[in-house]
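Structural features, examined
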Amino acid sequence: MDDDLDAVRVAFDDETGVGTITMDRPDALNALNGQLRADIIAGLQRLEAENEAADGVALRAVVLEGAGEKAFCAGADVGGFSEESTGAGSERDHYEFIRDFPAPVIAKIDGYCLGGGLETALACDFRLASASSTLGFPEVNLGLLPGAGGVQYVTKLAGPAVAKELAMTGEYISAQRAADEGIINRVYDDDEFDEAVDAFVTDLAGQAPLAVQAIKDSAHMAVQSGLEEGLRYDAKLFGELLETEDHEKGAAAFNENREPEFEGT
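Residues numbered from 1 in each chain as written. Predicted model: local features only at pLDDT ≥ 70, side-chain atom pairs only at ≥ 80, totals over all residues. Heavy atoms only, no water.

1. Considering the packing of helix α4 (residues 116–123) against helix α5 (residues 150–158)
Put simply, α4 and α5 touch, their axes get as near as 9 Å, and they point 50° apart. Looking at the two axes, α4 sits oblique to α5. As for the relative orientation of α4 and α5, their crossing is left-handed in sense. Between α4 and α5, the contacting residues are E119, L122 and A123 on the first element and G150, Y153, V154 and L157 on the second. Looking at side-chain class alone, the contact of α4 with α5 contains 5 nonpolar, 1 polar and 1 charged residues. (Axes fitted to C-alpha atoms, helices over the stretch in contact; angles between N-to-C directions. Helix = DSSP H or I, 4+ residues; strand = E, 2+ residues; numbered from the N terminus. Parallel < 35°, antiparallel > 145°, perpendicular 65-115°, else oblique. Left-handed = near helix turned anticlockwise from the far one by under 90°. Contact = heavy atoms within 4.5 Å. Nonpolar A, V, L, I, M, F, W, Y, C, P; charged D, E, K, R; others polar.)

Below you can see the structure in the form of C-alpha cells.
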C-alpha cells in the first residue's frame, strides 16, 4: 500500500484483513494537528478501498496506534489549538469518521492518551491499553472542555460523576482505573501488550464481517434511540443476515463441528 501521507503510516495485511494506521508524530507525542486529522481520514479511506477491490469483505478490522514509545496521542497540538478547533466541524471530522467507519476500529493505547487523543480512542469501537498507559482530559487547565465529545462519551460509558471528575479536575488516571470505570475494554501487562493486542484483533477479524458491521450499527442505534426503535432495527438486521452466504457457512460449520471461514458475502 502506498505510504505517501505526511502524518500517518498505513498498512494492510491481505491475509488477515487487518489494517493498521500509525499516527506518526513521535517527537510531538503524536499530538493532533490539522495534517494528522486529515491523514487519519485519508488512511481510513485507503483501507476502505480494499473492500471495493474485493469479492466480499476484505477489511475486517483497523488498529489505530501511535508511533514511538511514549504516547498513543497526547492531545491537541496546542501551538495551533485555536486555529484547529474553530470553524464548522473542523474539530470533529476525524472522530466522526472513526465512529462511523464500517469495520471495527481498535485503539491500541501505549503511553499517554490525553485530551483529543483520548477522544480519538473513545470514538473507536475498542480500547486496549498497556498497564503503564495514562489517560486524562487536561483541557480544563486551558479554560476549555474536551471539545469533541469527551464528556459525552465518558458519561455514556462510566456515568456523569466520572465524566465530570475527569473533565473538571484534569486529573490523569491509570489504564487500570480507566478499565475499572468502563472506559477501557482491556488492560495488558507491558511485556505482553503487543502479543495480546494481536490475538484480540486476529480473533475479531475472524468473525463474520457482515455480522460484525451489523452489531456495530446496532450498538450505535442503541445509544441514539429508544428501546422499541432499537428492537425493530435489530430485527431488520437479523433478517438481512439470515440471507447471507456467511450465515449459511456459519450454520454448516456449526453442524459439522468445525471453524467457519467467512468471506463477507
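2. Observations regarding the side chain of S225
Among the secondary structure elements, S225 is positioned in the loop between α9 (209–224) and α10 (227–242). S225 gets classed as buried once you look at its relative accessible area, which sits at 17%. Among the polar contacts listed, one links the side chain of S225 to the backbone oxygen of M221, at a separation of 2.7 Å. (Buried < 20%, exposed > 50% of the residue type's maximum accessible area, 1.4 Å probe, protein only. Polar contact = N/O pair within 3.5 Å; in protein donor to acceptor, adjacent residues only side chain to side chain.)

3. Some remarks on the sheet that holds strand β8 (residues 134–136)
Read from one edge of the open sheet, 4 strands run β4-β6-β8-β9, paired in mixed fashion. The open sheet terminates on both sides in strands that have one partner only, identified here as β4 (71–73) and β9 (172–174). Recorded for the sheet is a direction-independent mean angle of 25° between the axes of neighbouring strands. α4 contacts β4, β6 (112–114) and β8 of the sheet and is inclined by roughly 90° relative to β6. (Pairing = 2+ DSSP bridges.)

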